[in-house]
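Secondary and tertiary structure notes
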Amino acid sequence: MSSTMIVQSEEAKDRAATLRNRAQLSANKNLLFWYRELYRDQFKDFANPAALSILEIGSGTSPLKRFLPNVITSDVLDLDYLDIVFDCHEIDRLDAVEDNSLDVITLTNVLHHLKSPILFLNRAATKLKAGGKVVATEPFFSALSTPIFKYLHHEAIDFRISEPELGQVQGPLASANIALPWLIFFRRPEWLQRLNDNFDLTAFSVRPFSALSYMATGGISHRLPVPGFLYRMLFLADLALSRRFPAFCAAFFTVTLTRS
């Protein structure tokens, strides 16, 4: 089989998986609630998110546009409900979005799928207004979440990488190292400094988000029979614990970068 046919086969599998994941997420009310609360938290420092120019990277499964209809959706997969289809590593060449025009570029569980997340972030800065933000949410490795991600989650984890890149790229869903963003923003300050030319790292911020509440939804692959009213009460306690004891129990974090 030729390399072109292999790539096309991987893309077809990823497209089918994305459509399946999107349908399963939509059917999981507790998971939709988790995402709604995440988006509220991501945009809580903006006075009126509905008036912003926002580009989302990796919108294939994402429900963000349900909550913020003004979001420009995008993905590398060609899906008919997206606004833009492109490889985000080439965002600086994207004619569909003018340079210096965006208030926010947002990503949720996408950075760890990128071949070169730092390359992407530096190129993404060209599309942001001065003072514009990148808002990204990624897995956080705490005492509680680390064994869950290592032994119960299907995506690859490698803490020993020598460069902030993926070693192999097989497709947008199959390629991943969920430890990569956590290493950049928490463990390898020399990697973070590679963003210094385009972002004001003195204004860089990270905020834990939730502990076990994502897992309690069953995630995209499963649906746990937790009543909605009970889940909402447990979510509030879970969020508070993740903020109070992040090193012990946080499972996700949101990073905000400001263009200099």
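A few points on the structure. (Residues numbered from 1 in each chain as written. Predicted model: local features only at pLDDT ≥ 70, side-chain atom pairs only at ≥ 80, totals over all residues. Heavy atoms only, no water.)

1. Regarding the environment of Phe141
The residue Phe141 is located in the loop between strand 5 (128–139) and helix 5 (145–151) in this model. Accessibility expressed as a relative area gives 7% for Phe141, which makes it buried. (Helix = DSSP H or I, 4+ residues; strand = E, 2+ residues; numbered from the N terminus. Buried < 20%, exposed > 50% of the residue type's maximum accessible area, 1.4 Å probe, protein only.)

2. So, the side chain of Gln42
With respect to the helices, strands and loops of the structure, Gln42 is situated in helix 2 (residues 29–42). When sequence neighbours within four positions are dropped, the list of residues in contact with Gln42 reads Thr106, Leu107, Thr108, Val135, Thr137, Arg207 and Thr254. (Contact = heavy atoms within 4.5 Å.)

3. Here's the deal with unusual backbone geometry
Notably, Asn100 is not glycine yet its phi reads approximately 60°, a positive angle. Relative to the helices and strands, Asn100 resides in the loop between strand 3 (84–85) and strand 4 (102–108).

4. Comments concerning the nonpolar core
By size, the foremost hydrophobic cluster in this structure holds 68 residues, and its most contacted members are Ile57, Ile105, Phe120 and Phe185. Considering each element in turn, this core owes the most residues, 7 residues, to helix 2. Apart from residues no more than four positions distant in its own chain, Ile105 is found in contact with Leu55, Ile57, Ile91, Phe120, Ala124, Lys127, Leu128, Lys133, Val134 and Val135. (Core = buried A, V, L, I, M, F, W, Y, C linked by side-chain atoms within 4.5 Å.)

5. What about helix 2?
For helix 2, spanning 14 residues, the distance from its first C-alpha to its last is 20 Å, which sits close to the expected 20 Å at 1.5 Å a residue. Counting buried positions along helix 2 gives 11 out of 14 residues, so the element sits mostly inside the fold. Where helix 2 is concerned, the buried positions are Asn30, Leu31, Leu32, Phe33, Trp34, Tyr35, Glu37, Leu38, Tyr39, Asp41 and Gln42. With a side-chain oxygen positioned 3.3 Å from the backbone nitrogen of Asn30, the residue opening helix 2 is Asn28. (Expected span 1.5 Å × (residues − 1). Polar contact = N/O pair within 3.5 Å; in protein donor to acceptor, adjacent residues only side chain to side chain.)

6. Considering empty space enclosed by the protein
Per the stated rule, a full pass over the model turns up 1 cavity of 30 Å³ or more. Size it by volume and the largest cavity reaches roughly 40 Å³. What lines the largest cavity is simply Arg22, Leu25, Ser26, Thr61, Ser62, Pro63 and Arg66. Counted by class, the lining of the largest cavity contains 2 nonpolar, 3 polar and 2 charged residues. (1 Å grid on protein atoms, 1.4 Å probe; cavity = no way out; pocket = protein on both sides within 12 Å on 5 of 7 lines; lining within 4 Å. Points joined across faces, edges and corners; volume = space filled by probe spheres on them. Nonpolar A, V, L, I, M, F, W, Y, C, P; charged D, E, K, R; others polar.)

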